[in-house]
Structures are given as structure tokens and as C-alpha cells.
Amino acid sequence: MKCNIFFLLLLALSCVLTLLIGDIPFEGVWNKTIERLQGITAEWNPLLDERLPRLIILICTGASLAVAGAVLQSLFQNPLASPSILGISSGGSLAVVLIFILQLHLLHPLVLPLSAVGGSFLILGVVYGLTIMQGGAPLNNLILTGIAISTLLIAFQSFLLYTFRDHWQLIQTIAEWEVGSTIDRSWQHVHMQLPLTIIGLLGCLAYRKEMNVMALGEEEAKNLGVNVEKVRWRLFLCVALLVGGSLAALGMIAFFGLVLPHIARRLQGTDHRKLIPLCIVAGAAVLTSLDVMLRLFNLTNLSLGSLSAIGGGIFFILLLFKSQRRSTCRI
Amino acid sequence: MALILKNLSYNNLIREITISYKPGSLYGIIGPNGAGKSSLLKTVTGIWQPTSGLVEWNGKDLLKQPREEISKTISLVPQNPQLQFDITAYEMAALGRYPHHEKHLHSLAVERGLKHADAWHLKDAFLSELSGGEKQRIYIARALTTEAPVILLDEPMTHLDLRHQLDIWKLLRQMAEQGKTVIAAIHDLAAASRHCDELQVIHQGRSLTYGPGPAVLTDKLLKEVFGLLRNEISF
Amino acid sequence: MLYILTIAFIAGWWITAFKTTTSSSISVIVPLNNLETEKLIGYLSPIQREALKEALAGNTRLMLQLINQWETDAEALTVQGKQNIDKLPSDKLLQATVIGQLIRDSSPEELQRINNELRSCCVTNDCGHSICANKISMKLLPQTDMTAGLLLALCDPEEIIALPSGIMNSPLYSNKKIANIQSCASKLRSEQLYLLSPDIACLAYYTHPSTKELYSNLSISTYTTKNLDSIHDIQNTLIKLGHLSNHPLEATLLSIFIDSALIAIDNRITALSKTPALKSTMYLYHHHHYMVPTNKCLSGQLMNRAVSKYQGLTCHIPDHDTHWRLPISQETILQSNPDCLLLASATPIATEALKETPVFILDEYVQDSPNQYIVLAYYDIFQALAAAHCL
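Residues numbered from 1 in each chain as written. Chains lettered and ligands numbered in written order. Predicted model: local features only at pLDDT ≥ 70, side-chain atom pairs only at ≥ 80, totals over all residues.

A separate point is the overall build of chain A. A tally of regular secondary structure across chain A gives 14 helices and zero strands. Mapped from its N terminus to its C terminus, chain A presents α and β elements in the order α-α-α-α-α-α-α-α-α-α-α-α-α-α. Against the compact-globule benchmark of 20 Å for 331 residues, chain A has a radius of gyration of 20 Å, which places it among compact chains. Expressed as lengths along the three principal axes of its C-alpha atoms, the size of chain A is roughly 65 × 50 × 40 Å. Counting across all 331 residues of chain A, residues that qualify as buried make up 50%. Within chain A, contacts between residues at least 6 apart in sequence are counted, and of these 78% link residues at least 24 apart. (Helix = DSSP H or I, 4+ residues; strand = E, 2+ residues; numbered from the N terminus. Rg over C-alpha atoms; globule rule 2.2 N^0.38 Å. Buried ≥ 20, exposed ≤ 12 C-beta atoms within 10 Å, placed from the backbone. Contact = placed C-beta atoms within 7 Å.)

Have a look at this one:
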């Protein structure tokens, strides 16, 4: 409860700062916002057309990645599971790189986000299909197939980047997309991500009880009445929605989906009925705060993706040093 | 209502087992290591999908029903489950209510199950704090909270001292007397013969024979299946 | 059923959201063609972009012609009473004239001999190492686009044994000149290098140590360049390459031509601003999002130079020691309230915030050329400012 309150307060503070901080002083922005809301003017407004959409995207992405990571760590019973384990993020990333290479992103603003989501789903389908062909979808098969496909996709992406290394404009574009950036996000990005996030989060919330039962093991879960294959498939779909939406709106935010669930689990325990809502709030709060920090301190060298990766790396090193403690957590 | 297995097979671990388990009886499944006792239990519950044959309940193929219906009919008490996290006895017993959606009946069913298993006094304790026998009671309580008419137990006496073993036998007997079909995979031939109404002998995945203990455990069977002489076992 | 509802929800949301979104367009205006520029400052000689490009590619006759023409233009502007008109220093003008004459009047062999007498046999590269070259006819291997561009202007095609693959697709270099030179300098392996045996290879400072070692083992001298962060750096490297390749006269002339061309463009900007119409402008790049050049970047320096010549014009070019570009949001752009935007991008993206602002598209490849073609970049900037001035 205390954790929820803390993160809610952090989220509230980050939201306020996100809306207040910008190059145009807030007073001027606010006056123009009032005029716009009153219909006096229709011109582009920093608060309504950039800061607010950016805030919504940060909240959605933070919540999405944290919940996706928590769900995958629970399903795979592996603390190192993250959205990349099934090749979902690699698939979306490769699709976006292909779109950049073919310059299809110039056709319509929707092409890029759609390709990110489509790539994520396609690879999920491939991984699942391959696993079914091997005879059922036990966890080990899924992990191995996912890692194999992910490795293949990353290798192919590296091949493409090497082939096109002379096209420095293309490499620059891909590099800017890959690090994850909140610059110039608009309502188009919000509309792209929001329905995916809503469905994905609702799905994960709906299966919290099942995740608790599945934490006992696949056989035990079946014994207790959980349709493990169905629940797992639906949760994977939700994860693909969440990760695809985040890729579409912000790009790659590495490590976030791996680290945030660990923080939430240490604070709340492993009861998914409380863990998932905490991940939503904590993920949104932390990502929004990171963005506020980047803007407040004008850290142009760092992006959201790199900052979360640095933080995640430090977190894991601390975790290693403290690993003398018991590994079991209490519900 | 009897639980009927018809030519039930799972890969080469279980081969064409046909048997009828009647309600109100305590069955013991015996056999040497690797005979397929645990495999049979997992196949009957549908945890492992049978490669052929069926499990019939109430005239229907039970394993073709939705997972929740299967769990409301058969509940398995596992052998030495490994927990990734710690949980209270009450919460573990309450997990047995998952297939049921009548929320208003949950707490009553959990209380009843724990009391029936003589574990109500342990409800707030974490499983890691309990002894082997107490843990076994909690898992049995969980099976009871599912209100399933068929209870399967996989080696329920493993790692239990004699006192706890006798307590568990007593509990199983009570459950059978209440009309449940209780089927337990047992290592201890003597205890199985003593406590169970009928024994089923599994050998190399096949059901060799079944019936009351003394009738089943002939010298020939003991020698051929278990490699034992009668005077080596105290019945 | 659940899946259908989910798909319907998502599809319905997207259709509703994106159906009503009209794709906003930035008002793109192509920079004025030469004719309009001529009309703008009718008493000056027109600068033809193609002629400028050809001169920068090494046409010495054209270089001298243009230098003289621009000197006349500068005189005309001074007579008109325009203030702050720059001219090429008289010693450089004289030097250019003499060199031009020498090159014009000498046969190829004579020119080679004169060059050989005048060259410095040893030059110091950007890493402080001394490289010596004394052969009359050198075989050169440029590994970077920058040195390839400079050498193509100075040398005959026979003197360059291979070119970097990026050059082949560049709009800056004439197919005629590069057709006979094999591409993919980076793909040459040790045995091919041994067979081709270049005298000097021009490497970047970030070349792999193993590659540098290979050249050393094959006794191939290497000239290493660091980033060229200013016009002066470009000219400095140009001169050094001229000496190494036995073309010091051509290099000196080209260096003077660069100065002359930049001054000519400066004067035209000054002439434009006699009736200043622009108050603020902004120079941007766009790949995935907008970036603004810093004063470390050549484009940033060119903009600062142009803005200093146009009376009252401001342009946001941040100071930075380490970054060439910095990200910038639409909000910051709007805050600057520019009269026009100069956008160096191959793929300009429409943005709602900049709908009302005229945008001029510049060729990013030219804008980022750290060799003599930086003059073309400055010319393109002038064309854009002239177009904006007319609006």
C-alpha cells in the first residue's frame, strides 16, 4: 500500500513537471491553451499537442514494459525473462529497420508504428507455431525457440546495418529511433499506442489469479484447473500488444521491462493481484521521472533507453552483491 | 459414480490400462520404481494428455471437458511440490477453489477442507515453517476444498514418520467413507495391503491385476514384479 | 469472440483516430533558381551552381575565370556604396593568377616538373607523423570520402587506384572522372594492396589498428586525417594532400578559390540585406527527429557566417565543444519563432507545429561535405536565404 502511494505521488509529481517544463514559459503556454480550448484559435499548442501526448505515451510505455516484464518473468519462472525473450522486441525492431531502409515511413505516419506492432505479433506467432510443431508448447521449448529466433533476427538486423553502413543518413535515422526518444511525440503516437496498452493491461489484470496459480508450476496449475496453454497464449498476446505499442510510440527502452518488475517484487512480494497494479503505477512513475530528469538537467548525451539501461545495469550489480539473502519471497 | 479408465495410454509410460474405480473406496496403486504409478495419476488428471484411450466420468470423456470441470472432478495431491515462493497454509488451501466461481462459498469450503484435514490450527503458518506431515495435510486440505469427488495422491507417505503416516491413512479412510474415490500411489506394500480396499499393480506401464490386497499380493507376483519374497515383508 | 471484440476495438479506435487526422504539410519551397537570383541582384554576375561544382571538381580555368569575375563584382558593390564588402587579398589574387597561368601554359610533363620543384617532400599529418613523398607521379588510395573528394579535384584518375564505395553514388562527383577508378577501397585486402602498391593511403583517425599495421607491413605510407571542423582545416588538408600528391599548385589554387567563392557569397548576402526582410531563421536536420547544428559543425559555422553578413538576422546555433548536432523539439523551434527554416534532410517529415513556417530543403549530403564542396553548401544556404528574403 505504501509503495503504491509513493509511486502514485512520484507519478503525480512527474506528470506536473512534464506539463510544466518546456522551452516556452508555462504562463504563455497556458494562455494559449485556454484560447485553444475556447475555440478562439486552432494553432499548434505546446501543452496540448506535445507535452500532454508525451506524458500519456510515457505513462503507457512505462506501465506496458513493466507489466510485460512481470508477466514474462512469472510465466517463465525466470528472473531474467524480459520482453526480448520471445523475440517480440527483436521482431518489432527488425520490422522498423526494414521500413526505414525501404523508406516506407515516408508514405504515412502510421506505417512505422504499424510495422513495430506487426513485427512483434508476427514473431510471436512464428515462435509459438514452431514450438507447437515440436509437439506442444512447454516452457523450455518456448524459451529456446524464442532465444533462437531472437538471435536470428538480431543477426539479420546486424547484417542489414552492415550492408547499409555507407548510407550514413539511414544509419543516423535508425540510431535515433533505436535509443528511444520522447522528442516530438504527438497525438498520432498516442492513438497508436493507447488502445494496445488498454487491451494489454486489461488482459494482464484479468489473469492475475491464474498467474498466481501458475507460479506453482505448470503441472500444478493444470491440476488446479487452469487452462495453462490458453492463459499463457493470451498473456503472450497481451505482452505483444504492450511491447509492440511501446516500440511504436517510443522505440527501444532496454532493460526497463527486466528491472522494474524486480523492484516491484521486492517491495510488494509476488502476489500478482498486487504486483501487476504496482508495476503499472511504478513503471509509469519511473519512466516519466527519468524523462523529467533528462529534460531538467538537459542531458543531451543520454536518451531514455540508455538511461534505463545504465540504471538497470547498476541495479543488477547491486542485486548480485546482495544475493546472499534468501531467494524466496513471501506473498 | 465410478471413474472408469478405458485403454488409457500415454506414450510408452502407460499402456492400455482399463479399470473402474468405485466411489467410497480407498485404492492403492503399487508397483516398482519406474512402473508408471505417477505417470498414471498425471494421465488420469489430464496433466499429461493421453495418447489413446479415455477417462470416463458420468458417461462422458472427462479429459475432453474444460480444464476447470476436470479439476472439479479430480484433484491430485502432488509428491514433494517445489515452491518458488512461500505461502500461508490458508492461501495454499484456497488455491483449490480456483475452478469454482461461487465466491461466497470460498471461505466456507476452505475452512471445511482445513478442518477435515485437521489443519485449521495451521492456517496462518507459512508452508516453509511446517513439517512434512503438516504440509501433506495442507495439500490434502487443498484437494478437499476443490470438493472433487475423486482424490488422487502421489506417494503421500514419502518422508513421513510412522506417526504421520498413520494420521494420513486415517484421513484417507475418512475421505473414502465420506463417499469420495481415493486413489493413492504407494511404495509401502505392507501398509497399502493393510489400509487399502483394493490394490492395483502397475508394472512396465501396464495394469497387471487389481483386487483386495491379500488376493493380489501372491508369492508369484511379489517375486516377479517386486523381486521380493513374502517373508521379507511384514504384512 | 473475445479476439474479434479486441480486434474490433483496436481497429475501430485507429480508424476513428486516423480518419479525422488530415496530414499536415510543411510548406516546402524549392530554393530560387539562378534566374531569380540574377533578378534579385541584377548587377552582379550570376553564380551557376553547376559551374561552381565544376570548378570545385578541379577545373582550374573555370576557377580563375570565376575568381576574376567575383573581384569585379566586389568592385561593383563597393562603387554602389555597399558597406562591409569583402575582397580576396591582393597577394592571393596575384598568386591565383600566376598559378592559373602556369597551369594553363605548361604541358602536363612541365607542370609535373614544376610541381615537384615547388612541393614540400615531407608533410605532417593530423596525428603529428611526418610523411615523405618524392615521386613525380604518385599512386594514391583515399579511404574516406573527404580525402577522395579532395584528391579527385587535384589528381588525374590514373593517380587514384581506388575510391571509397560511398563516392560512387554521390551526386557530387562526375561519373566521367570516377568511371575508370575501381570502387570499394575498403574491400582491398592485403594481396590486392600488394599488387596495386599505392604510395600513400589516406586513412581516417578511426581506422582499425590492424588495418594501419597492414599498411605498415606493406610499406605503404599512410596519411591520417582527423575530423575537419572548419574551413581552415579543409584548406590545410587540401594543401598537404596537394604536396603529397605532387599537385601543390592545383591545391593552392583550389584553396584560394574556396576563399574567393565564400567571399563572393558573403557579398551577395550583404547585398541582399540592404533591405533586410528576415529577422530570424533556423537550420535543422531531420532523420527521426529534429537536430540543430552546433558551432562545432561546419553547417553551424556556415550559418553563423551567413547570419553575420545579413544585417539583423539571427539563427540559433548553440555552442558546443564535443557535439556536432543537438536534438531540438518543435517547442524550441516555435519559441525561436523563425521566419523560415532551412532543413537539411533527404526525408522531410510533415509536422503540425511548423505548418505555417516556410521550409527550404537543402541537400544534406552537400551540407555535410567536409571538403571543397562545403562551398556548394554555403551557396545552397545563400539560395535559401535569398528565396526567404523574397517572400
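Let's shift gears to the interface of chain A and chain C. In this complex, chain A contributes 26 residues to the contact, which on the side of chain C involves 27 residues. At the level of elements, α3 (46–76), α7 (168–178) and α8 (187–206) of chain A are the ones that each hand at least two residues to the side of chain A that touches chain C. For the side of chain A that touches chain C, the class distribution of residues is 10 nonpolar, 10 polar and six charged. (Nonpolar A, V, L, I, M, F, W, Y, C, P; charged D, E, K, R; others polar.)

To continue, consider the arrangement of the chains. In this assembly, two pairs of chains are in contact, and the pair with the greatest number of contacts comprises chains A and C. Chain B makes no contact with chain C; the smallest distance between any of their C-alpha atoms is 17 Å.

Okay, the sheet that holds strand β4 (residues 140–142) of chain C next. All names here are of chain C. The three strands lie next to each other as β4-β5-β6, forming an open sheet whose pairing is parallel. Edge positions in the sheet fall to β4 and β6 (221–225), since each has one partner strand and no second. This sheet shows a mean twist of 20° between the axes of neighbouring strands, independent of strand direction. (Pairing = 2+ DSSP bridges. Axes fitted to C-alpha atoms, helices over the stretch in contact; angles between N-to-C directions.)

Attention now goes to the pairing of strand β8 (residues 290–293) of chain C. Residues and elements named next belong to chain C. Covered by surrounding structure in β8 are Y290 and V292 together with M291 and P293, the residues of both alternating faces. For strand β7 (residues 280–286) and β8, the ladder comprises two bridges, and the chain directions are antiparallel. In the strand pairing of β8, Y285 is matched with M291. Hairpin connection, β7 to β8: the antiparallel pair is bridged by three residues. Across three bridges, β8 lies against strand β10 (residues 325–327) in antiparallel orientation.

Residues and elements named next belong to chain B. Pairing is mixed in the open sheet, where six strands are placed in the order β6-β7-β8-β3-β9-β10. The sheet terminates laterally at β6 (74–77) and β10 (206–211), the two strands that pair on one side only. Taking the axes of each pair of neighbouring strands and ignoring which way they run, one obtains an average angle of 20° across the sheet. The pairing of strand β7 (residues 150–154) with strand β8 (residues 181–185) spans five bridges and is parallel. Counted as the bridge partner of I151 is V182 from β8. On the sheet, helix α1 (residues 37–45) packs against β3 (26–30), β6, β7, β8 and β9 (198–203) and is oriented at approximately 150° with respect to β7. On the sheet, helix α6 (residues 162–177) packs against β3, β7 and β8 and is oriented at approximately 150° with respect to β8.

Residue and element names in this part refer to chain C. One way to put it is that helix α12 (residues 231–244) packs onto helix α13 (residues 248–272) with a least axis distance of 7 Å and a crossing angle of 165°. One element, α12, and the other, α13, form an angle in the roughly antiparallel class. The chirality of how α12 crosses α13 is right-handed. Across the interface between the two elements, I231, Q235, L238, I239, L241, G242 and H243 of α12 pack against P248, E250, A251, T252, L254, S255 and I258 of α13. (Parallel < 35°, antiparallel > 145°, perpendicular 65-115°, else oblique. Left-handed = near helix turned anticlockwise from the far one by under 90°.)

Ranked by size, the top nonpolar core spans 159 residues in total, and within it A66, V67, V71, V239, C279 and A282 of chain A together with L152 of chain B carry the most contacts. Looking at which element gives the most residues to this core, the answer is α3 of chain A, with 15 residues. If sequence neighbours within four positions are ignored, V71 of chain A has contacts with C204, M211, L235 and V239 of chain A. Formed by 103 residues, the second largest nonpolar core is a distinct cluster that contains L203, Y223, V292 and L385 of chain C. (Core = buried A, V, L, I, M, F, W, Y, C linked by C-beta atoms within 7 Å.)

What follows is about the interface of chain A and chain B. For an interface, size is often stated in terms of accessible area lost upon the parts coming together. Counting residues at the interface gives 19 residues for chain A and 19 residues for chain B. Of all the elements in the fold, those that place two or more residues in the side of chain A that touches chain B are α9 (208–214) and α10 (218–223) of chain A. Per-element accounting of the side of chain A that touches chain B gives the leading share, four residues, to α10 of chain A. Considered class by class, the residues forming the side of chain A that touches chain B number seven nonpolar, seven polar and five charged.

On to α8 of chain A, then. Residue and element names in this part refer to chain A. In this model, α8 (20 residues) spans 28 Å end to end at C-alpha, consistent with the 28 Å of a helix rising 1.5 Å per residue. Q193 marks where α8 bends most, by close to 30°; the proline P195 follows one to four residues later. Taking burial as the measure, the 20 residues of α8 include 14 buried ones, the bulk of the element. (Expected span 1.5 Å × (residues − 1). Bend = angle between axes of the 7 residues up to and from the residue.)

Right, let's get into the pairing of strand β1 (residues 3–10) of chain B. Residue and element names in this part refer to chain B. Across five bridges, the pairing between β1 and strand β2 (residues 14–21) is antiparallel. The residue bridging Y10 from the neighbouring strand is I14, located in β2. The hairpin turn running from β1 into β2, its antiparallel successor, is three residues long, and N11 in that turn takes a positive phi close to 45°. For β1 and strand β4 (residues 52–57), the ladder comprises five bridges, and the chain directions are antiparallel. Within β4, the position partnered with L5 by the bridge is V55.

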